[in-house]
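# Fold and geometry: a report
What follows is each chain in one-letter form.
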Amino acid sequence: MRTTVGIIGAGPAGLLLARLLHNAGIDSVVLESRDRAYVEHRQRAGILEQGTVDVLRAAGAGERMDREGLRHDGIELRYAARRHRVDFPALTGGRSVMVYAQTEVCKDLIALQLKEGGPLLFEAEALAVENVADDAAGRPRVRFRREGTEDVLECDYVVGCDGFWGVARKAVPAELTRVFERAYPFGWLGILADVPPSHDELVYARHDRGFALLSMRSPSVSRLYLQVPEGTDAESWTDEEIWDELERRFETADDWRLERGPITQKSVTPMRSYVHEPMRHGRLFLAGDAAHIVPPTGAKGLNLAVGDVVTFARALTHQKETGSAELLDAYSQTCLRRVWQAERFSYDMTTLLHRAPDATPFDDRIQLARLERIATSRAAETDLAEGYTGFPFG
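Description of the structure in this document. (Residues numbered from 1 in each chain as written. Predicted model: local features only at pLDDT ≥ 70, side-chain atom pairs only at ≥ 80, totals over all residues. Heavy atoms only, no water.)

## A word on the pattern of salt bridges
Within this structure, the stated rule accounts for 39 salt bridges. Arginine 42 is paired through a salt bridge with glutamate 32; the nearest N and O atoms lie 3.9 Å apart. You can see arginine 42 sitting in the loop between helix 2 (36-41) and strand 3 (47-48) and its partner glutamate 32 sitting in the loop between strand 2 (28-31) and helix 2, a full ten residues away along the chain. Residue class for arginine 42 comes out buried when judged on its relative accessible area of 16%. Note that glutamate 125 and arginine 145 form a salt bridge whose closest N and O atoms lie 3.1 Å from each other. On the criterion of sequence distance, the pair formed by glutamate 125 in strand 9 (residues 124-130) and arginine 145 in strand 10 (residues 141-146) is long-range, its members being 20 residues apart. Given the relative accessible area of 33%, arginine 145 is considered partly exposed. One continuous salt-bridge network, built from bridges that share partners, spans Glu63, Arg64, Arg67, Glu68, Glu104, Lys107 and Asp108. (Salt bridge = Lys/Arg side-chain N within 4 Å of Asp/Glu carboxyl O. Helix = DSSP H or I, 4+ residues; strand = E, 2+ residues; numbered from the N terminus. Buried < 20%, exposed > 50% of the residue type's maximum accessible area, 1.4 Å probe, protein only.)

## What about the packing of helix 1 (residues 12-23) against helix 8 (residues 301-322)?
Where helix 1 meets helix 8, the closest approach of the two axes is 9 Å, and the angle between their N-to-C directions is 25°. By the angle between their directions, the pair helix 1 and helix 8 is classed as roughly parallel. In this structure, helix 1 meets helix 8 at a crossing whose hand is right-handed. Residues Pro12, Ala13, Leu16, Leu17, Leu20 and Leu21 of helix 1 touch helix 8, and the partners they reach there are Leu302, Ala305, Val306, Val309, Val310, Phe312, Ala313 and Leu316. Across the contact of helix 1 with helix 8, the residue classes break down as 14 nonpolar, no polar and no charged. (Axes fitted to C-alpha atoms, helices over the stretch in contact; angles between N-to-C directions. Parallel < 35°, antiparallel > 145°, perpendicular 65-115°, else oblique. Left-handed = near helix turned anticlockwise from the far one by under 90°. Contact = heavy atoms within 4.5 Å. Nonpolar A, V, L, I, M, F, W, Y, C, P; charged D, E, K, R; others polar.)

## Things to note about the sheet that holds strand 13 (residues 202-206)
If you walk across this open sheet you meet the eight strands as 6-5-13-14-15-12-16-19, and the pairing is mixed. The sheet is open, and its two edges are formed by strand 6 (82-87) and strand 19 (292-293), each paired on a single side. Here strand 12 (residues 178-193) runs beside strand 16 (residues 263-277); their pairing, made up of 13 bridges, is antiparallel. Looking across to strand 16, one finds that isoleucine 191 is bridged to lysine 266. Sheet strands touched by helix 7 (residues 239-249): strand 12, strand 13, strand 14 (212-218), strand 15 (221-229) and strand 16. Its angle to strand 15, the strand with the most contacts, is close to 85°. Contacts from helix 10 (residues 331-353) reach strand 12, strand 13, strand 16 and strand 19, with the element oriented near 130° to strand 16. (Pairing = 2+ DSSP bridges.)

## Let's talk about the packing of aromatic side chains
Enumeration over the complete set of coordinates arrives at 16 aromatic pairs. Seen from their ring centres, phenylalanine 164 and tyrosine 274 are 5.0 Å apart, and the 90° between their planes marks the pair as edge-to-face. Placement of phenylalanine 164 in the loop between strand 11 (149-160) and strand 12 and of tyrosine 274 in strand 16 is noted, with a sequence separation of 110 residues between them. In this structure, phenylalanine 164 and tyrosine 274 share a single accessibility class: buried. Centroid distance tyrosine 184 to phenylalanine 186: 5.9 Å. Interplanar angle 35°. Geometry classified as tilted. (Phe/Tyr/Trp six-rings, centres within 6.5 Å; stacked < 30°, edge-to-face > 60°.)

## Some words on the packing of helix 1 against helix 6 (residues 102-116)
At a minimum axis distance of 9 Å, the contact between helix 1 and helix 6 shows a crossing angle of 35°. In terms of crossing hand, the pair formed by helix 1 and helix 6 is left-handed. Of helix 6, the residues touching helix 1 (which contributes Pro12, Leu15, Leu16, Ala18, Arg19 and His22) are Gln102, Val105, Cys106, Leu109, Ile110, Leu112, Gln113 and Glu116.

## A word on the nonpolar core
Val5, Leu16, Leu48, Leu284 and Phe312 are the most contacted members of the largest nonpolar core, which totals 74 residues. A total of ten residues in this core trace back to one element, the largest contributor, which is helix 8. Sequence-distant contacts of valine 5, that is, excluding residues within four places in its chain, are made with Leu21, Ile26, Asp27, Ser28, Val29, Cys155, Tyr157, Val159, Phe312 and Leu316. (Core = buried A, V, L, I, M, F, W, Y, C linked by side-chain atoms within 4.5 Å.)

## Here's the deal with the sheet that holds strand 4 (residues 70-72)
Spatially, three strands are ordered 3-7-4 in an open sheet, and the strand pairing comes out antiparallel. Of all the strands in the sheet, just strand 3 and strand 4 have a single pairing partner and so form its edges. Pairing of strand 3 with strand 7 (residues 97-99) involves two bridges; the strand directions are antiparallel. Along strand 7, the bridge assignment pairs isoleucine 47 with valine 99.

## Looking at the state of the cysteines
Evaluated as defined, the whole model comprises zero disulfides. Considering cysteine sulfurs only, cysteine 161 is the nearest to cysteine 106, which forms no disulfide, with 11 Å between them. For cysteine 106, a relative accessible area of 0% puts it in the buried group. You can see cysteine 335 has no disulfide; the closest cysteine sulfur is in cysteine 161, sitting 11 Å from it. (Disulfide = S-S within 2.5 Å.)

Honestly, it's all geometry; don't read function into it.
Right, here's the structure in full:
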């Protein structure tokens, strides 16, 4: 098989990249190790930044999102039984976010790819990426296995959208790599529940017992999270214990109440920050979790991946139209500027709202002072709103 761009991974990043390239008249092949049903049902992110929403619309993938997604113009911060709403449009010149699950983004992009785009091969496991160095003889190659048979995809460029455990990053020589990471001593116990959300916007709660988040997947399905110790087993919590703890952490001084319902799914997500530099080696380009991971507090993971593939698609289109590789050469540097701002924002949100296991009374007061600053300073509130609604692509 031969193509211009070999894309490893059919998550939202790989699928969107294939769509952007198709619209630019550039051919690609997408290799995905899992089957279609798995890709369309794996629960991941649910918050789309303004820039991500705009890109999906421009790519022709926004029709169902605009019909079924939930536009959110703010979030609520809770601390010391107080409630403070952050108004995004008023602080950012009209920007907002969209609640639309990653599963739905993938369904929309898969349907478009199968209808109009190039090959999308499910159950095609990438085994190795070869010949990507600038001085390599021959074209870049992706060796993969499908239906028990090994095959080779030859291409001009390889884009690794295959996540943290994928093979793409392994093709970058260790002596050229720098890794920056931080592990947090807590995780998120997340649940899906068949109950309408108890608030019409996301609620981020800082409590002496730990962080809690009220989110949603639809008008009838709630998504909620609790800060728990690192290594917690989700099944060690009963449904009643989860609801009781959520109720404690969302407490307010008014008559707000948390609605309960049947829990259909529960799991624990570890919390970590990770950046791999560079994001490019020769004709291999890393995107999304293959290059960086953020704690979910800032809702940045999927949106960072979108920024990466938009940057690559723009750069390759620029080369096609002008013959200049200037933007391709700057890919890593361009992406990393945005990545580090998102890492900073996610770290700030995480340390603002989570209580560390060894937190002192001084630490508690500093957190409350930071929250009070956001609630009383338009400048501090604007910084949060700008970070949450998203940093510009490029």
